[in-house]
Amino acid sequence: MQQANLDSLQNEGEKPRNAVLFYRLGVPFLTTSLGQVISGAFLGVKADMQNNPNLGMRAAFQTRYGIDNEAGKVLKGISNLYKGNFWNYTYTLICSLTGNNLVQWVKTGREGVTEGIFNAALGGVAAGCLEASWAAPLVARELNKTTASTLPSLRHTYTKLYPSLAFRDSVGWVVVQVGTTLIEDRDSRIQKLSSTEKAIWFVATGMLAALISSPADANLRRLYSEKLGRGPVQIFGESCQKYGISKTLTAGWKGRLAVVSPPYIAYAVAQSVLEKGLADRSSVSTRAP
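All figures in this text were calculated on a predicted structure; none of them were measured in a lab. (Residues numbered from 1 in each chain as written. Predicted model: local features only at pLDDT ≥ 70, side-chain atom pairs only at ≥ 80, totals over all residues. Heavy atoms only, no water.)

Draft legend 1. Quick look at the packing of helix 9 (residues 214-224) against helix 10 (residues 232-243). The N-to-C vectors of helix 9 and helix 10 enclose an angle of 105°; their axes lie 9 Å apart at closest approach. One way to sum up the angle between helix 9 and helix 10 is to call them roughly perpendicular. Facing Asn-219, Arg-222 and Leu-223 of helix 9, the residues of helix 10 in contact are Pro-232, Ile-235, Phe-236 and Ser-239. A breakdown of the residues in the contact of helix 9 with helix 10 according to their chemical character gives four nonpolar, two polar and one charged. (Axes fitted to C-alpha atoms, helices over the stretch in contact; angles between N-to-C directions. Helix = DSSP H or I, 4+ residues; strand = E, 2+ residues; numbered from the N terminus. Parallel < 35°, antiparallel > 145°, perpendicular 65-115°, else oblique. Contact = heavy atoms within 4.5 Å. Nonpolar A, V, L, I, M, F, W, Y, C, P; charged D, E, K, R; others polar.)

Right under this line is the structure:
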């Protein structure tokens, strides 16, 4: 009888531990994987449109699908569209695992919407900088697969790409986390939102994050292809002179929206589920005798 009670207590202790692992690891993995199925098809298309701001999405799709595929074979065309997707998916997954858990930690114990927004923005910046420090080599490989530029050395990856990558990712994460905080605050304090309403908010947040971070993403790609040692500010200025400010800021935005909105939406959903799940577990643990 005593052994049975000990086994029962051990099983009860493992259940919360397994649940925490599911929320911290499983939820980001599932949401990121689903989002990548959609965004992966636009990865190379976005790259082509950013490198050539005059290229439309339809023409970019046709060009990318037809690379070394004169016969129009379906599998070959799909392979062309998803080229570089493995590194992008790996990068996105690292971003979700790093960012969602880091932001949850930063936001723990917040009181009120004002402090919540501040912590969300702070967590977004921290997530962008931290994930970029881990994922910079993966981004370099993804850019290498979708451009004609050679893969830089590890040192150049960090000295050349990291600052722009961290800035781009921080912008996106801040928008996602502030948007998620506003959604959850409205749901808990003002008016209970239906599942459909929350889904619409999450989609809008993800799309907004993709759009606002689009200029930084396009400039990062141009910087990667830079051969003369110029910095991101110079690259941006020269692009404005060549294409105009409007085209420089919006270059590849349709592709960026298609590629990055699903992961950002996944980040927002994962953040909401993760925080709610861990909060519920914490309350249950607190009430337990």
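Moving on from the coordinates now.
Draft legend 2. Structural detail: the pattern of salt bridges. Across all of its chains, the model carries seven salt bridges by this definition. The partner of Arg-168 in a salt bridge is Asp-169, and the shortest N-O contact between them spans 2.9 Å. As far as burial versus exposure is concerned, Arg-168 and Asp-169 are alike and both buried. Several salt bridges share partner residues, and in doing so they unite Lys-46, Arg-168, Asp-169, Asp-217 and Arg-256 into one network. (Salt bridge = Lys/Arg side-chain N within 4 Å of Asp/Glu carboxyl O. Buried < 20%, exposed > 50% of the residue type's maximum accessible area, 1.4 Å probe, protein only.)

Draft legend 3. Structural detail: the layout of surface pockets. As a volume, the second largest pocket reaches approximately 270 Å³. Mapped by element, the contributors of at least two residues to the lining of the second largest pocket are helix 2 (43-51), helix 9 and helix 10. Looking at the lining of the second largest pocket element by element, the count peaks at five residues for helix 10. Considering only residue class, the lining of the second largest pocket consists of two nonpolar, four polar and seven charged. (1 Å grid on protein atoms, 1.4 Å probe; cavity = no way out; pocket = protein on both sides within 12 Å on 5 of 7 lines; lining within 4 Å. Points joined across faces, edges and corners; volume = space filled by probe spheres on them.)

Draft legend 4. Focus on the environment of Trp-201. Note that Trp-201 resides in helix 8 (residues 195-212). Between the C-alpha atom of Trp-201 and that of Gly-179, which follows or precedes it by 22 residues, the distance is 8.1 Å.

Draft legend 5. Expanded view of the side chain of Glu-184. With respect to the helices and strands, the residue Glu-184 is situated in helix 7 (residues 154-190). When its relative accessible area of 17% is taken as the criterion, Glu-184 is described as buried. A distance of 3.4 Å separates the side chain of Glu-184 from the side chain of Lys-198, its partner in a polar contact. Ignoring any residue separated from it by four or fewer positions in sequence, one finds Glu-184 in contact with Lys-198, Phe-202 and Ser-272. (Polar contact = N/O pair within 3.5 Å; in protein donor to acceptor, adjacent residues only side chain to side chain.)

Geometric values such as these leave the question of function open.
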